[in-house]
2 protein chains.
Amino acid sequence: MTNISKEDYLSVIFKHKDQNEEIKATVIAEMMNISGAAVTDMLKKLSKEGDVKYEKYKGIKLTKKGENYARNMVRRHRIWEVFLHDIIGVPWEKVHDEAHRLEHSASDELIDRMEEMLNFPEYDPHGDPIPAKNGMIPKLRKHVPLSCMKPDSVCSVVRVNDFHKEFLNYISGIGIKLNEKIVVEEVRNFDKSLRINVNGSSFDVSQKLADNVFVEIVTI
Amino acid sequence: MTNISKEDYLSVIFKHKDQNEEIKATVIAEMMNISGAAVTDMLKKLSKEGDVKYEKYKGIKLTKKGENYARNMVRRHRIWEVFLHDIIGVPWEKVHDEAHRLEHSASDELIDRMEEMLNFPEYDPHGDPIPAKNGMIPKLRKHVPLSCMKPDSVCSVVRVNDFHKEFLNYISGIGIKLNEKIVVEEVRNFDKSLRINVNGSSFDVSQKLADNVFVEIVTI
DNA sequence: GGCTAAAGTTAAGCGTGCTTAAATATAATG
DNA sequence: CATTATATTTAAGCACGCTTAACTTTAGCC
Ligand SMILES: [Mn+2]
Ligand SMILES: [Mn+2]
Ligand SMILES: [Mn+2]
Ligand SMILES: [Mn+2]
């Protein structure tokens with residue numbers, strides 16, 4: 001088993017844990033753009049190596065060992081993202097893909113050195129928490145999808161999903177960024193689309209877009 | 001054919017060209033720590049893709065296409081080395097290995113951005129020239145292996161071979177670095193070992209060590 | 001509970017980049 | 001030039017991470 005492949009599987013499983021139900025093989029297959037058969041195959045190997053607890057037709061769960069490995073990969077990824085964004089100036093919508101390749105190549109010492117240069121950041125450029133060397137994961141402010149907000153409410157951006165370039169490019173184009181205030185002016189029942197106001201300008205956005213922006217409620 | 005593998009083969013072939021005779025399959029195998037059979041195999045594929053001109057039992061030569069690809073890989077490698085060394089502070093003896101992994105993962109745009117941050121460096125931390133975006137390769141000062149120097153001569157370090165960590169660690173320990181002055185105090189005929197003076201201290205070094213340090217002659 | 005749709009697994013096979021062992025071509029030497 | 005040593009290529013096979021197609025289990029629904 002190659003490290004890159006293993007690391008990608010473990011990261012996907014670990015990141016799903018945020019949502020707190022056991023991940024399904026189908027979801028892994030979708031996230032990684034591979035067949036279900038490939039997932040079954042790999043789960044057997046990960047299980048044999050002791051990174052995943054897996055019994056066929058039953059659930060998929062990281063072992064302590066696998067969880068540690070995965071958490072470190074997520075750490076590596078997010079430190080790269082901050083480094084690329086803050087030090088090298090890579091645009092917001094490009095850091096994820098670039099980091100996704102670099103995360104497998106740097107030594108842990110290099111990652112630690114970068115973290116130090118960045119002054120031990122707690123969140124990546126999309127608002128995701130960065131696991132510390134000791135395993136601690138910073139807490140996120142209480143947040144909900146923008147799509148849940150009611151008309152005439154006000155909120156502030158806490159986190160955005162980082163895996164779709166076009167989405168990131170679009171929202172940054174209309175002024176949405178971390179900690180930006182959003183006023184919800186209108187919510188249409190028939191398609192759940194919203195009219196929002198960002199920094200003085202109004203925009204109409206789909207429910208799908210609003211599903212991927214997570215906000216802290218300021219005024220209900 | 002995976003990119004990483006292809007890129008490593010092309011880099012090895014390209015770097016050998018510095019020494020200006022056609023590379024032998026055996027040399028590729030040694031440099032990459034693989035069997036001769038594997039090299040034959042890959043040469044066929046590289047030939048089919050038009051990166052290498054190859055006829056069995058005859059020579060191995062990069063095509064224009066292959067040379068461009070390879071030169072860019074060497075560029076990527078060396079820019080990483082400077083970046084790791086100068087910006088992140090990775091120690092001299094570790095930059096090569098780290099860069100060797102990172103060189104396959106960053107986008108060309110990221111490389112260009114790093115190059116800009118570094119103010120378009122001409123040489124990497126070991127004195128090797130960095131090919132520019134347009135393909136130009138900076139000239140090196142005229143240099144010879146330290147092992148060729150005569151007793152009582154003085155020279156200055158232009159370049160060192162970067163592929164052996166222990167060697168780099170050792171020479172940096174005795175004060176050898178780029179542009180450092182070396183006084184050759186004595187050369188022993190029976191084993192070609194040298195007594196050299198670096199920054200006021202004297203050391204005995206083997207011919208093998210001196211073969212890997214390249215110097216500009218200051219005083220014969 | 002029985003039936004069906006969805007999820008998951010197995011089987012067979014493919015391309016890649018290696019390996020070792022055997023065969024063959026080239027180079028070096030007397 | 002003949003012989004031997006070395007370099008290179010071929011052949012067969014292996015581990016990996018995938019694929020599609022067929023099969024099995026589980027979950028959802030009446
Ligand atoms: Mn990311
Ligand atoms: Mn992120
Ligand atoms: Mn190097
Ligand atoms: Mn170098």
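None of the values given here were measured: they were computed from a predicted structure.

Some words on the protein's contact with DNA strand C
Here's step 1: Residues in contact with DNA strand C amount to 24 residues; listed here are only the nearest, Thr26, Tyr54 and Lys56 of chain A together with Thr2 and Ser35 of chain B.
Here's step 2: Sugar and phosphate atoms form 76% of the subset of DNA strand C atoms that lie within 4 Å of the protein.
Here's step 3: One of the side-chain nitrogen or oxygen atoms of Tyr54 of chain A is found 2.5 Å away from a phosphate oxygen of DNA strand C.
Here's step 4: Every element with two or more residues in the surface near DNA strand C is listed here: α2 (25–32) and α3 (36–48) of chain A together with α1 (3–17) and α3 (36–48) of chain B.
Here's step 5: Take the surface near DNA strand C: its biggest share by element is 5 residues, from α3 of chain B.
Here's step 6: Looking at side-chain class alone, the surface near DNA strand C contains 11 nonpolar, 7 polar and 6 charged residues.

Quick look at the sheet that holds strand β7 (residues 201–205) of chain B
All names here are of chain B.
Here's step 1: Taking strand neighbours across the sheet as the criterion, the 6 strands line up as β3-β8-β4-β5-β6-β7 in an open arrangement whose pairing is antiparallel. Edge strands, defined here as strands with exactly one partner in the open sheet, are β3 (144–145) and β7.
Here's step 2: Here 2 bridges tie β3 to strand β8 (residues 213–219), and the two strands are oriented antiparallel to one another. Across the sheet, the residue bridging to Pro145 is Phe214, located in β8.
Here's step 3: Lying on the sheet, helix α7 (residues 165–173) is in contact with β4 (154–160), β7 and β8; it crosses β4 at an angle near 145°.

With respect to the relation of the copies chain A and chain B
Here's step 1: Under the fitted operation, chain A is carried onto chain B by 0.0 Å of movement along the axis and a turn of 180°, and the coordinates agree to an RMSD of 0.0 Å. Taken together, the turn and the small shift mark the pair as related by a two-fold rotation axis. Minimal C-alpha separation from the rotation axis in chain A is found for Leu102 of chain A, amounting to 3.3 Å.
Here's step 2: A share of 100% of the interface residues of chain A reappears at the interface of chain B, consistent with the copies meeting face to face through the same patch.

Brief notes about the packing of helix α4 (residues 64–88) of chain B against helix α6 (residues 108–117) of chain B
All names here are of chain B.
Here's step 1: Closest axis-to-axis distance for the α4/α6 pair is 10 Å, and the angle between their directions is 50°. Between α4 and α6, the interaxial angle falls into the category oblique. Read as a crossing pair, α4 and α6 show a hand that is left-handed. Residues Asn72, Arg75, Arg76, Ile79, Trp80, Phe83 and Ile87 of α4 form the contact with α6, whose own contacting residues are Asp108, Ile111, Asp112, Met114, Glu115 and Met117.
Here's step 2: Among the residues forming the contact of α4 with α6, the class breakdown is 7 nonpolar, 1 polar and 5 charged.

Comments concerning the coordination of the manganese ion (ligand 3)
Residue and element names in this part refer to chain B.
Here's step 1: Surrounding the manganese ion (ligand 3) are the protein donor atoms His77 (NE2), Glu81 (OE), His96 (ND1) and Asp162 (OD), at 2.0 to 2.1 Å.
Here's step 2: The motif formed by the donor residues of the manganese ion (ligand 3), counted along the single chain, is H-x3-E-x14-H-x65-D.
Here's step 3: Separating the manganese ion (ligand 3) and the manganese ion (ligand 4) is a distance of 3.1 Å, and Glu81 donates to both of them. With His77 in helix α4 and Asp162 in the loop between β4 and α7, this residue pair connects regions lying 85 residues apart in the sequence.
Here's step 4: Using a relative accessible area of 10% as the deciding quantity, one classes Asp162 as buried.

Remarks on the coordination of the manganese ion (ligand 4)
Here's step 1: Within the first shell, the manganese ion (ligand 4) binds the protein through Glu81 of chain B (OE), Asp124 of chain B (OD), His126 of chain B (ND1) and Asp162 of chain B (OD), at distances of 2.3 to 2.7 Å.
Here's step 2: In primary-sequence terms, the residues that donate to the manganese ion (ligand 4) follow E-x42-D-x1-H-x35-D.

Points about the pairing of strand β5 (residues 181–187) of chain B
Residues and elements named next belong to chain B.
Here's step 1: Strand direction decides the pairing type here: β4 and β5, joined by 3 bridges, are antiparallel. Residue pairing across strands places Cys155 opposite Ile182, the latter belonging to β5.
Here's step 2: Both β5 and strand β6 (residues 194–198) contribute to a ladder of 5 bridges, which runs antiparallel. Directly across from Val187, in β6, lies its bridge partner Leu194.

Looking at the environment of Ile130 of chain A
Here's step 1: With respect to the helices and strands, Ile130 of chain A occurs in the loop between α6 (108–117) and β3 (144–145).
Here's step 2: For Ile130 of chain A, the residues in contact, after removing those within four places along its chain, are Arg75, Arg78, Ile79, Val82, Pro121, Glu122, Tyr123, Asp124, Met136 and Pro138 of chain A.

With respect to the pairing of β6 of chain B
Residues and elements named next belong to chain B.
Here's step 1: With respect to burial, β6 is a largely interior element, 4 of its 5 residues being buried.
Here's step 2: Hairpin remark: β5 followed by β6, antiparallel, with 6 residues in the connecting loop; positive phi at Lys192, about 60°.
Here's step 3: Bridging between β6 and β7 involves 5 bridges; their strand directions are antiparallel. In the sheet register, Asn197 faces β7, and the bridge partner there is Ser202.

Re the protein's contact with DNA strand D
Here's step 1: Near DNA strand D, the surroundings consist of 23 residues, among which Thr2 and Ser35 of chain A together with Thr26, Tyr54 and Lys56 of chain B are the closest.
Here's step 2: For DNA strand D, the backbone makes up 81% of the atoms found within 4 Å of the protein, where backbone means sugar plus phosphate.
Here's step 3: At 2.5 Å, a side-chain N or O of Lys56 of chain B approaches a phosphate oxygen of DNA strand D.
Here's step 4: At the level of secondary structure, the elements contributing two or more residues to the surface near DNA strand D comprise α1 (3–17) and α3 of chain A together with α2 (25–32) and α3 of chain B.
Here's step 5: Here the surface near DNA strand D gets 5 residues from one element, more than from any other, and that element is α3 of chain A.
Here's step 6: Looking at side-chain class alone, the surface near DNA strand D contains 11 nonpolar, 6 polar and 6 charged residues.

Calculation criteria
Residues numbered from 1 in each chain as written. Chains lettered and ligands numbered in written order. Predicted model: local features only at pLDDT ≥ 70, side-chain atom pairs only at ≥ 80, totals over all residues. Heavy atoms only, no water. Near = heavy atom within 4 Å. Polar contact = N/O pair within 3.5 Å; in protein donor to acceptor, adjacent residues only side chain to side chain. Helix = DSSP H or I, 4+ residues; strand = E, 2+ residues; numbered from the N terminus. Nonpolar A, V, L, I, M, F, W, Y, C, P; charged D, E, K, R; others polar. Pairing = 2+ DSSP bridges. Contact = heavy atoms within 4.5 Å. Axes fitted to C-alpha atoms, helices over the stretch in contact; angles between N-to-C directions. Least-squares fit on C-alpha atoms with pLDDT ≥ 70 in both. Parallel < 35°, antiparallel > 145°, perpendicular 65-115°, else oblique. Left-handed = near helix turned anticlockwise from the far one by under 90°. Donors = N, O, S within 2.8 Å, 3.2 Å for Na, K, Ca; no water. Buried < 20%, exposed > 50% of the residue type's maximum accessible area, 1.4 Å probe, protein only.

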